[in-house]
Amino acid sequence: MWGAPVSKYAKSMMLLGGGELGKEVVIEAQRLGVRTIVVDRYENAPAMGVAHESFVLDMLDGEALKSLILQISPDLIVPEIEAIATSVLVELEKNGFKVIPTATAALLTMDREGIRRLASEELGLPTARYLFANSLEELEAAVAEIGAPCVIKPLMSSSGKGQSVCRRQEDVASCWNTALEGARAKKMRVIVESFVPFVSEITLLTVRSAYGTIFCPPIGHIQKDGDYVESWQPHFLSPEQLSEAESIAKKITDALGGYGLFGVELFVTTGGIVFSEVSPRPHDTGMVTMVTQDMSEFALHVRAILGFPIPSVQLLTPGASATLKADREGEDFQISGMNEALSLPRTQIRVFGKPLSKPGRRMAVALSAADDVETARSRAKQAANLLKVDWSN
Ligand SMILES: Nc1ncnc2c1ncn2[C@@H]1O[C@H](COP(=O)(O)OP(=O)(O)OP(=O)(O)O)[C@@H](O)[C@H]1O
Ligand SMILES: NCC(=O)N[C@@H]1O[C@H](COP(=O)([O-])[O-])[C@@H](O)[C@H]1O
Ligand SMILES: [Mg+2]
C-alpha cells in the first residue's frame, strides 16, 4: 500500500546505476506508482530519462554515496551495476535500510572473488579452476599453475571489460595490461580461470519472491570479447541438465537470499553444468524476456522486491535478442535503420539513449519473436544489423 509518487505516502526506489537494464526496471516501477530515483556516474544515463529524480555521483566514493542515501532515505536501494562501494550498503542495511536483494549479496557479487569462493568453497558448486593474483609476477605463477588457455578478469568489472583469454605464457603481460585498463575499481587484483570447454552457455533467470523460488525457461547466449551479442529463449536442455541447472541456481540464490530476480550464468559441458557467475538483478541476456514472457525480467524483479508474490511465469513465444554496438567514441551520432529494422515481423527495438558512444558500447537491442528459436534468432540478428550508429562526419 502506498500513495502517489510525489506524496508523503510514496514508496521510493533508488537505483544505483542507470543503464539500459535500470531504465526498464524504472519503467516497471513507474507502472506500479513507485517513486524512482536514479544515480549514475554520468549525466543523462538511460534510466535518468524515465525517473522522477536523478543524481550524478561516483558510486565507488563511499562517503558521497552514504550522504546521498541518507539525504534521500529511499525505501528500497537497488544496485544496478557492479561498481559500488558496497561496504556502505552493508552499514546502511544494519541501520534499517533495505538493500536489494541484500547488502551481502551485493557485496559478494560485485567482487568475483567473493562470489566464486562462496559458490565453490562453501557451496561446493562445480566451477572452472581458479587462482587470484595481485601483480604481474603473481599472475605469471598463476597462469603457469592453471595452464593455458585460461581466462583473466579484474575482480570488479562487467560486460567483459578488462577480460582476456591467455593462450600462451608469453601473453601474460599483455593480459595484465588489459585487466588494468578495464578494471572499474582502483584495487587491482585479478582472477585466473581455467578455460571451460562449454557446448553452450545459458542464463537461468531465478526469481525469489514472497511466493518462493521460480525459474524462467533457460536463455541461451553468445558472447564476443566477454560481452553478450545474441540471446534466445528457450534454450533446449535435457531434463537432467535442466534439473542440474535449477539445483545450482537454487543453491546460489538461497545463499545470497532476499527478494528479487537473479541471472545465474552457467556453462553447459559434456561433463555437466558448471557455475560461472550470478547477477543479483536483471541480466543483459534477459532483455529477450521483453518479447517472450508474460512478465519480463524487469517486471519480475520489481514485483519481487516490492514484496509481492509471483506464483508463475509463462513463456508466450520463442524469441531472441541481438545487440547494436558502437565502434567509435563521440556524441555526434544518430541511430539509423530503425524503419528498416521495424519492418521485420514480430520485431521491436530498444534504443537506450546513451549520450556518448564508445567502441564496443552497447547502444540498442533488437528483439524478435517467432514460432521457433532459429527464426527468432535470424530475425533479431537481421534487425540489429540494420541498425547503425551513424556519424555525419
Ligand atoms: N572460465 C571461462 N571459460 C570459458 N569461457 C569463459 C570463462 N570465463 C568467461 N568466459 C566467457 O566470457 C564471457 C564473460 O565472462 P563473465 O561473465 O565472467 O564476464 P563479465 O564481465 O562478468 O560479463 P557480464 O557482466 O556481461 O556478465 C562468458 O559468458 C564466457 O563466454
Ligand atoms: N553485463 C552487465 C550489463 O549489461 N549492465 C548494463 O550495462 C550498463 C552499463 O553500460 P555502459 O558500460 O555502456 O555504461 C549498466 O548500467 C547495466 O544497465
Ligand atoms: Mg557474465
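Since the model is a prediction, treat every value here as computed from it, not as a measurement. Each chain has its residues counted from 1, following the order in which its sequence is written. Key to labels: chains lettered from A, ligands numbered from 1, both in the order written. Per-residue local features of the predicted model are confined to residues with pLDDT of at least 70, and side-chain atom pairs are confined, for both listing and counting, to 80 or more; whole-chain, interface and lining totals are unaffected and use all residues. With hydrogens and water excluded, all non-hydrogen atoms of the structure serve as input to the side-chain values.

A. The site of ligand 2, seen in detail. By convention in this text, a residue qualifies as near a molecule or strand provided that one of its non-hydrogen atoms is within 4 Å of it. Taken together, 14 residues are adjacent to ligand 2, and Glu 80, Ser 159, Lys 354, Arg 361 and Arg 362 come closest. Taking Arg 362, its side chain carries an N or O atom lying 3.0 Å from an oxygen atom of ligand 2. Bound to the protein, ligand 2 loses 90% of the 450 Å² it would expose on its own. Gly counts as polar in this scheme, as do all residues outside two lists: the nonpolar Ala, Val, Leu, Ile, Met, Phe, Trp, Tyr, Cys and Pro, and the charged Asp, Glu, Lys and Arg. Looking at side-chain class alone, the shell around ligand 2 contains two nonpolar, two polar and 10 charged residues. N or O atoms within 3.5 Å of each other form a polar contact, as long as, within protein, one can give a hydrogen and the other can take it, and as long as residues adjacent in sequence are counted only when both atoms are side-chain atoms. Working definition of accessibility: Shrake-Rupley area with a 1.4 Å probe, residue cover restricted to the visible protein chains.

B. View of the pattern of salt bridges. When a carboxyl oxygen of Asp or Glu lies within 4 Å of a side-chain nitrogen of Lys or Arg, that pair is called a salt bridge. One pass over the full model with this rule turns up 25 salt bridges. With its nearest N and O atoms 2.7 Å apart, the salt bridge here joins Glu 91 to Lys 66. Taken together, the residues Glu 91 in helix α3 (residues 86-94) and Lys 66 in helix α2 (residues 62-72) connect sequence positions 25 residues apart. Look at the salt bridges and you will find they share partners, linking Glu 20, Asp 227, Asp 284, Lys 325, Lys 354 and Arg 362 into a network. Strands are runs of DSSP state E lasting at least 2 residues, helices are runs of H or I lasting at least 4, and numbering of each runs from the N terminus.

C. Examining the environment of Leu 139 more closely. The topology assignment puts Leu 139 in helix α6 (residues 136-146). C-alpha separation for the pair Leu 139 and Cys 175, spaced 36 residues apart in sequence, amounts to 9.3 Å.

D. Focus on the nonpolar core. The set of buried Ala, Val, Leu, Ile, Met, Phe, Trp, Tyr and Cys residues whose side-chain atoms join them within 4.5 Å is what this entry labels a nonpolar core. Buried means the residue's accessible area, taken with a 1.4 Å probe over protein chains only, is under 20% of the maximum for its type, while exposed means over 50%, and partly exposed covers the values in between. By size, the foremost hydrophobic cluster in this structure holds 27 residues, and its most contacted members are Met 13, Leu 15, Val 38, Leu 76, Val 78 and Met 287. Of all elements in the fold, only β1 (12-16), α1 (20-31), β4 (76-79), α9 (289-292), α10 (297-305) and β18 (362-369) reach the threshold of two or more residues within this core. Delimitation of the domains relies on an automatic or database domain assignment. Three or more residues apiece are contributed to this core by two domains, here domain 1 (12-99) and domain 3 (200-391). Contact criterion: two residues are considered in contact whenever any of their non-hydrogen atoms come within 4.5 Å of each other. Contact partners of Val 38, with chain neighbours within four places excluded, come to Leu 15, Gly 17, Gly 18, Val 26, Ala 47, Met 48, Ala 51, Glu 53, Ser 54 and Phe 55. Counting residues in hydrophobic clusters, the runner-up holds 24 residues, among them Leu 92, Val 99, Ala 103 and Ala 106.

E. Seen up close, the site of ligand 1. As a matter of local geometry, ligand 1 sits amid 19 residues, with Lys 153, Ser 159, Gly 160, Glu 201 and Glu 277 nearest to it. For ligand 1, an oxygen atom lies 3.0 Å from a polar atom in the side chain of Arg 112. Between Glu 201 and ligand 1, the recorded distance is 2.5 Å, taken from a side-chain N or O atom to an oxygen atom. Here ligand 1 has 610 Å² of accessible area as a free molecule, and 94% of this is covered by the chains. Tallied by class, the residues present in the shell around ligand 1 amount to five nonpolar, seven polar and seven charged. Residues lining the shell around ligand 1 come from more than one domain, with at least three contributed by each of domain 2 (129-194) and domain 3 (200-391).

F. Summary view of the coordination of the magnesium ion (ligand 3). Protein-derived coordination of the magnesium ion (ligand 3) comes from Glu 265 (OE), Glu 265 (OE) and Glu 277 (OE), at a distance range of 2.1 to 2.5 Å. Of the two residues, Glu 265 sits in strand β13 (residues 260-269) while Glu 277 sits in strand β14 (residues 272-279), which places them 12 residues apart along the sequence. Metal sites are built from N, O and S donor atoms within 2.8 Å, or 3.2 Å for Na, K and Ca, and they leave out water, so they may look incomplete.

G. Molecular detail of the confidence of the model for the protein chain. Confidence along the protein chain averages 96 in pLDDT terms, with 99% of residues attaining 70 or more. Per-residue confidence from the predictor is reported as pLDDT, which spans 0 to 100. Taking the mean pLDDT of every element in the protein chain, the minimum, 91, falls on helix α7 (residues 172-182) and the maximum, 99, on α9.

H. Summary view of the sheet that holds strand β8 (residues 190-194). Two strands pair under a simple rule: DSSP has to find at least two bridges between them. As summarised here, the arrangement of the four strands in space is β5-β8-β6-β7, forming an open sheet in which the pairing is antiparallel. Taken across any chain shown, the strands that pair with only one partner, and hence form the sheet edges, are β5 (130-133) and β7 (164-166). Sheet twist, expressed as the average angle between the axes of neighbouring strands with direction ignored, equals 30°. Across three bridges, strand β6 (residues 150-154) lies against β7 in antiparallel orientation. From the neighbouring strand, Cys 150 faces β7, where its bridge partner is Cys 166. Axes, fitted as lines to C-alpha atoms, cover a helix only where it is in contact. Angles between the N-to-C directions of the axes lie from 0 to 180 degrees.

I. Spotlight on α1. To estimate the expected span of a helix, count its residues, drop one, and scale the result by 1.5 Å. With 12 residues, α1 should cover 16 Å at 1.5 Å per step; its first-to-last C-alpha distance of 17 Å lies within 8% of that length. With nine of its 12 residues buried, α1 lies for the most part within the structure. Within α1, burial applies to Glu 20, Leu 21, Gly 22, Lys 23, Glu 24, Val 25, Val 26, Glu 28 and Ala 29. Where α1 is buried, its residues contact β1, β2 (35-40), α9, α10, β17 (347-351) and β18.

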